[in-house]
Amino acid sequence: MDDNRLVRGAPVRDRILDEVRSYADAQTDLPTIVSILIGDTPEAAVYIRNQARGAEKAGLPFRQENWPADMTQEACKARILEMNDDADVLGIILQRPVPDHINVRSLQSAIHPLKDVEGMNPASIGNIVYSDVALAPCTAAASVELIKETGLPLEGLEVVMIGHSEIVGKPAAMMLMAEGCTVTVCHHMTRSVAMHSRRADVVVVAVGKAHLIGPEMIKPGAAVIDIGINQIETEDGVKIVGDVDTDGVKELAGWITPVPGGVGPVTVAMLMRNAMVAHQRQNAAGWL
């Protein structure tokens, strides 16, 4: 029997991709999303595959570029600036990790905000402070979308965000404030995370520690959004788990996202929605 407490990502992903597909089908000559991989990074392959699949379902052109591992920072930046000026490029994705000699933040800053489909340019993240969340970091946007999926009204909702990374925790907290939530952000220096999380209507976790959050840290009936992806060794081999002890917490929580299959699929869909918004904004700016 399917557990109705599990907020699965696939139906949300499919709905968003259908929405983007309808938009894409109404356009002629859509420019291309370009994914850049610098060097040979096997761990990026699964992300690229998922992004390519998402783009195909959304009806958006997608191209993968592999740049040599010894390419200089200056050469990488020059290529990105060329893409900014190229009307045939809709959006630019910079895969991580990058080689050690590359300053990833500098390259993310070089991507024009209107082509920043990942929402990683500091300008895009800065816009969130002004509640302009049009091109937001995809994982943070996915977590907000999954909270909406529970049907809980966001105005006045008590949310505890555990983890304050630049690409998930901080932007997610800002986006939730823009929706009218009351947000508390906990991190490794917080004295008692449980004291905060136990009073929350929604707990969002993005730390990268397997099973950090147990049932004793959750208020009965709360929604739990688990962004963590961790590999653990089990008797049956390597297993992917989140930051939440899902089996323990789901008996108590009102809603919980599984790992895998929760936030991940929606993250890819958000990337495609960002590409759609980027196209609308580039059109409005007279670029296309």
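Residues numbered from 1 in each chain as written. Predicted model: local features only at pLDDT ≥ 70, side-chain atom pairs only at ≥ 80, totals over all residues. Heavy atoms only, no water.

Caption draft 1: Inspection of the packing of aromatic side chains at higher detail. Inspection of every chain in the model, using the stated rule, returns zero aromatic pairs. Just above the ring of Trp 67 sits the side chain of Arg 79; from NZ or CZ to the centre is 5.0 Å. (Phe/Tyr/Trp six-rings, centres within 6.5 Å; stacked < 30°, edge-to-face > 60°. Lys NZ or Arg CZ within 6 Å of the ring centre and 35° of its normal.)

Caption draft 2: Looking closely at the pattern of salt bridges. Scanning the model with the defined rule gives 13 salt bridges in all. Linking Glu 19 and Arg 273 is a salt bridge whose minimum nitrogen-to-oxygen distance equals 3.2 Å. Taken together, the residues Glu 19 in helix H1 (residues 9-25) and Arg 273 in helix H10 (residues 263-284) connect sequence positions 254 residues apart. Close ionic contact of Lys 219 with Asp 201 constitutes a salt bridge, the shortest N to O distance being 2.9 Å. Residue Lys 219 is located in the loop between strand E6 (202-205) and strand E7 (223-226), and its partner Asp 201 is located in the loop between helix H8 (193-197) and E6; the two are separated by 18 residues in the primary sequence. Accessibility expressed as a relative area gives 28% for Lys 219, which makes it partly exposed. Each of Arg 15, Glu 19, Glu 145, Glu 149 and Arg 273 takes part in one network of salt bridges that share partners. (Salt bridge = Lys/Arg side-chain N within 4 Å of Asp/Glu carboxyl O. Helix = DSSP H or I, 4+ residues; strand = E, 2+ residues; numbered from the N terminus. Buried < 20%, exposed > 50% of the residue type's maximum accessible area, 1.4 Å probe, protein only.)

Caption draft 3: Structural view of the side chain of Ser 124. Tracing the backbone through its elements, the reader meets Ser 124 in helix H5 (residues 122-129). A distance of 2.6 Å separates the side chain of Ser 124 from the side chain of Asp 116, its partner in a polar contact. (Polar contact = N/O pair within 3.5 Å; in protein donor to acceptor, adjacent residues only side chain to side chain.)

Caption draft 4: Inspection of the sheet that holds strand E2 (residues 62-67) at higher detail. Spatially, E2-E1-E3 is the arrangement adopted by the three strands of the open sheet, whose pairing is parallel. Here the strands that pair on one side only, and so sit at the sheet edges, are E2 and strand E3 (89-94). Between one strand axis and the next, the sheet turns by 25° as a mean value, whatever way the strands run. Pairing analysis gives five bridges linking strand E1 (residues 32-38) to E3, with the strands arranged parallel. Paired with Thr 32 across the strands is Val 89, a residue of E3. Contacting E1, E2 and E3, helix H2 (residues 45-58) runs over the sheet at an angle of about 155° to E2. Sitting on the sheet, H10 touches E1 and E3, and the angle it makes with E3 is about 140°. (Pairing = 2+ DSSP bridges. Axes fitted to C-alpha atoms, helices over the stretch in contact; angles between N-to-C directions. Contact = heavy atoms within 4.5 Å.)

From the geometry alone we can't say anything about function, so treat these as descriptive.
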